[in-house]
Structures are given as C-alpha cells and as structure tokens.
Amino acid sequence: MPRTSAKRLSLRAACIAVAAFTTVAVTAGVAWAAYTDNMYPTQYLTVGCFSVSGPHQSGFCQTDNKDLTYYMDSGGSNKLEAGDRSVVNNVMNNIYEPTDLSVTYDSSPSFSGSAETDIVFEESSSGLSSSVDGYTFCNNAATTLKCDQQYIRIRGGGHYGQGLVCHETGHAVGLTHGDDASPRKSRTDEKLGCMETPVSNDEGLQANNIENINATY
Ligand SMILES: [Zn+2]
C-alpha cells in the first residue's frame, strides 16, 4: 500500500524552510463550483515551484504547458521493467490523454534547455524515505509556479501500479492532496480519485481532478 505521510511531513518542512523567498501568490484558482479546487496553488499550499536535485525538500509545481511529454528511464539502474512501462503507458494514454492535456511519449528525451521532456519516470528507491513509495520533484523550475521537467521516482518491487502512477502524475501537473484543496477535504475522500492518500491500485482521475486539469490547461 503506498504511503505518503512522510512526503507530507517533508513538504511541511520544505514550506517552513523556503517560505521566506518562494511563496507564490494564490490567484483566483478554479472559477466554477467544482467539488474542490485541488490545483496548485491553493490557499492552503503556496510553497512555490523550485528546482531540486532529488526527492526531498521539494516545492510544488504545475507543468509548464498543456503539451505533456513523458519518458521512462530505459537503461541503467533506474530503468523501468516491461510491466512498469505498461502501467505507465496505460495511465498516460487512457487516464491523462482524455483530459485537455495533450500527452505524448518522448522517445528522444531532452534534459537541458527550455523545452525539456516534462516527466521522467524512474524506478528507484534512492533518496526516498522508508515510508514513501513514490515522489515527484522538479529539477528545472520555469517560474515560481511552473516546472519544465519533473521526475517521478517510484520504488521497485511491484510499486509501479496504476493508482500510484496516476497519483504522482497528478502531482506533476499540479494536483494536491485533499487537505491542501480548497475547500479542504479528507485525504481519503473518494471524489479525489487517485489523489487520495493512501491510494489504492485501481484508482483513476474522476470528475473533480479532470475539471481542475481542464480549467488550468
Ligand atoms: Zn501525494
């Protein structure tokens, strides 16, 4: 079962540590009567988007535009096995592509410049605290709101499941947990779909997450 409580703790710690210089203004957010606005930033989550080198002390970001490219590490110690790749492709093609995001696999990924591959999936436990199975972090912030390239690191041993991949990809496009949404919701509210925490393996986006994505991109 994915557990993300330690991530929350580290986010809180990061918030305290960097609040003096990277908090972002909370704009109007989602204008219609959504069940809840869980698109970053919300009035409860303003930590800022900034670059880090690993899964720790991370900020929170939207992706930098609606064209969402992704790559799966294909060699070396962090590569995804065939089964993991199948899960990721299913989530991207059948859960995120039907939203207003335009999702494509980038078989020639870019890791520098101003138009990097947006999401890089890795299978690794490096830098993950023992209570965390997955973590999303930005390594090239474009602004204090948006990131040009984010890494999704998920530990091996069968943790690459639909629910967790959907959850971490949700973070990469700006979706928050329930207790950071406005109005606040339980972290286990069923209407949060795969942004519930802990998340079960069969979860997808559901209506509220899709509305927030489509209002943003
Ligand atoms: Zn999470």
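The structure presented is a predicted model; accordingly, all values stated were derived computationally and were not measured. (Residues numbered from 1 in each chain as written. Predicted model: local features only at pLDDT ≥ 70, side-chain atom pairs only at ≥ 80, totals over all residues. Heavy atoms only, no water.)

Draft legend 1. Representation of the side chain of histidine 177 in the model. As for its placement among the helices and strands, histidine 177 is situated in the loop between helix H3 (162–172) and helix H4 (206–216). Using a relative accessible area of 2% as the deciding quantity, one classes histidine 177 as buried. In terms of polar contacts, histidine 177 uses its side chain to reach the side chain of arginine 187, at 3.5 Å. (Helix = DSSP H or I, 4+ residues; strand = E, 2+ residues; numbered from the N terminus. Buried < 20%, exposed > 50% of the residue type's maximum accessible area, 1.4 Å probe, protein only. Polar contact = N/O pair within 3.5 Å; in protein donor to acceptor, adjacent residues only side chain to side chain.)

Draft legend 2. Spotlight on the nonpolar core. Val88, Met92, Tyr96, Phe121 and Ile213 are the most contacted members of the largest nonpolar core, which has 30 residues in total. Residue assignment for this core shows that the elements contributing at least two residues are strand E2 (67–72), helix H2 (82–96), strand E4 (119–123), strand E6 (146–154) and H3. The leading source of residues in this core is H2, at five residues. Residues Leu45, Tyr71, Leu128 and Val132 belong to the second largest nonpolar core, which totals 13 residues. (Core = buried A, V, L, I, M, F, W, Y, C linked by side-chain atoms within 4.5 Å.)

Draft legend 3. Representation of the packing of H2 against H3 in the model. Closest axis-to-axis distance for the H2/H3 pair is 9 Å, and the angle between their directions is 60 degrees. Relative to H3, the element H2 is oriented oblique. The chirality of how H2 crosses H3 is right-handed. Contacts between H2 and H3 involve Val87, Val88, Asn90, Val91, Met92, Ile95 and Tyr96 on the former and, on the latter, Gln162, Val165, Cys166, Thr169 and Gly170. A per-class count over the contact of H2 with H3 returns eight nonpolar, four polar and no charged. (Axes fitted to C-alpha atoms, helices over the stretch in contact; angles between N-to-C directions. Parallel < 35°, antiparallel > 145°, perpendicular 65-115°, else oblique. Left-handed = near helix turned anticlockwise from the far one by under 90°. Contact = heavy atoms within 4.5 Å. Nonpolar A, V, L, I, M, F, W, Y, C, P; charged D, E, K, R; others polar.)

Draft legend 4. The packing of aromatic side chains, seen in detail. On inspection of all chains with the given rule, the structure shows six aromatic pairs. Ring centres 6.2 Å apart and planes at 90 degrees place the aromatic pair tyrosine 70 and phenylalanine 121 in the edge-to-face group. Taken together, the residues tyrosine 70 in strand E2 and phenylalanine 121 in strand E4 connect sequence positions 51 residues apart. Residue phenylalanine 121 is classed as buried on the basis of its relative accessible area, which comes to 0%. Relative to phenylalanine 111, the ring of tyrosine 71 has its centre 6.2 Å away and its plane inclined at 80 degrees; by these criteria the two rings are edge-to-face. Taken as a pair, tyrosine 71 in strand E2 and phenylalanine 111 in the loop between strand E3 (102–105) and E4 lie far apart in primary sequence, 40 residues in all. Among the residues examined, tyrosine 71 registers a relative accessible area of 14% and is labelled buried. Given a relative accessible area of 44%, phenylalanine 111 falls into the partly exposed group. Through pairs of rings, three or more aromatic residues link up here, namely Tyr70, Tyr71, Tyr105, Phe111 and Phe121. (Phe/Tyr/Trp six-rings, centres within 6.5 Å; stacked < 30°, edge-to-face > 60°.)

Draft legend 5. Spatial organisation of empty space enclosed by the protein. The full count for this structure, using the stated rule, is one cavity of 30 Å³ or more. The space that makes up the largest cavity amounts to roughly 80 Å³. Lining the largest cavity are 11 residues, with Gly59, Phe60, Cys61, Thr136 and Gln150 positioned closest to its centre. With three residues, strand E5 (residues 134–141) is the largest single contributor of residues to the lining of the largest cavity. In terms of residue class, the lining of the largest cavity is built from five nonpolar, five polar and one charged. (1 Å grid on protein atoms, 1.4 Å probe; cavity = no way out; pocket = protein on both sides within 12 Å on 5 of 7 lines; lining within 4 Å. Points joined across faces, edges and corners; volume = space filled by probe spheres on them.)

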